[in-house]
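Here are the chains, one letter per residue:
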Amino acid sequence: DPLLEILESREVVVLSQIADTQGALDIAVKRVAELERDLNRDYGPNGAYRGIHAECFSSLLHGYNYNVCPFVKVEQKEFGTGTRTFLLGHYDGWRRRRRTSQ
């Protein structure tokens, strides 16, 4: 039946469009979640350190390459081989020191 073939063909197209739209929606939802986390992250007084949140800095010191990504992580790699990487920490917010009276 030609009408049935047309309808089945249209169904395939529509299902493909639905899948594409769902994929785009999933990507948009993830991006919104990232932006909300960014808005809620503490970048210091008056957001002073917001400008470096997407930057990473490296420095070679005493045979190790240190990679510091503010608000993300700090890593240490052996210089030369570069095969052993040590995670020194993840950012988990600012800590305020308690002042002790002396």
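The paragraphs below set out a description of the structure included in this document. (Residues numbered from 1 in each chain as written. Predicted model: local features only at pLDDT ≥ 70, side-chain atom pairs only at ≥ 80, totals over all residues. Heavy atoms only, no water.)

**Topic: the overall build of the protein**
The helix and strand tally for the protein stands at 1 helix and 4 strands. Along the protein, helices and strands appear, N-terminal first, in the series α-β-β-β-β. In terms of C-alpha radius of gyration, the protein reaches 25 Å, well past the compact-globule figure of 13 Å for 102 residues. Long-range pairs, those at least 24 residues apart, make up 12% of the contacts in the protein with a sequence separation of at least 6. Total accessible area on the protein stands at roughly 9000 Å², and carbon and sulfur atoms take up 55% of it. (Helix = DSSP H or I, 4+ residues; strand = E, 2+ residues; numbered from the N terminus. Rg over C-alpha atoms; globule rule 2.2 N^0.38 Å. Contact = heavy atoms within 4.5 Å. Areas by Shrake-Rupley, 256 points an atom, 1.4 Å probe, with all protein chains shown as cover.)

**Remarks on the pattern of salt bridges**
The final tally for this structure, using the stated rule, is 4 salt bridges. Here Asp38 makes a salt bridge to Arg50, at a shortest N to O gap of 2.9 Å. Here Arg50 lies in the loop between helix H1 (2-40) and strand E1 (57-61) and Asp38 lies in helix H1, a separation of 12 residues in the sequence. Among the residues examined, Arg50 registers a relative accessible area of 32% and is labelled partly exposed. (Salt bridge = Lys/Arg side-chain N within 4 Å of Asp/Glu carboxyl O. Buried < 20%, exposed > 50% of the residue type's maximum accessible area, 1.4 Å probe, protein only.)

**A few points about the state of the cysteines**
Taken as a whole, this structure holds 1 disulfide when the rule is applied. Here Cys56 connects covalently by a disulfide to Cys69, the sulfurs 2.1 Å from one another. As the torsion about the S-S bond is roughly 110°, the Cys56-Cys69 disulfide counts as right-handed. In this pair, Cys56 sits in the loop between H1 and E1 while Cys69 sits in strand E2 (residues 64-69), placing the two residues 13 residues apart along the sequence. (Disulfide = S-S within 2.5 Å.)

**With respect to the environment of Gly63**
By the secondary structure assignment, Gly63 is in the loop between E1 and E2. Relative accessible area serves as the criterion here: at 41%, Gly63 is assigned to the partly exposed category. Sequence spacing of Gly63 and Phe79 is 16 residues, and the spatial spacing of their C-alpha atoms is 5.3 Å.

**Quick look at a negative patch on the surface**
Taken together, the side chains of Asp1, Glu5, Glu8 and Glu11 present a region of like negative charge at the surface. You can see Glu5 is positioned in helix H1. (Patch = residues over 30% accessible without salt bridge, like charges linked within 9 Å, V, L, I, M, F, W, Y side chains within 5 Å. Lys, Arg positive; Asp, Glu negative; His and termini not counted. Charge placed at Lys NZ, Arg CZ, Asp CG, Glu CD.)

**What about the side chain of Asp38?**
With relative accessibility at 17%, the residue Asp38 sits in the buried group. Ignoring any residue separated from it by four or fewer positions in sequence, one finds Asp38 in contact with Tyr43, Arg50 and His53.

The values are spatial; any link to function lies outside them.
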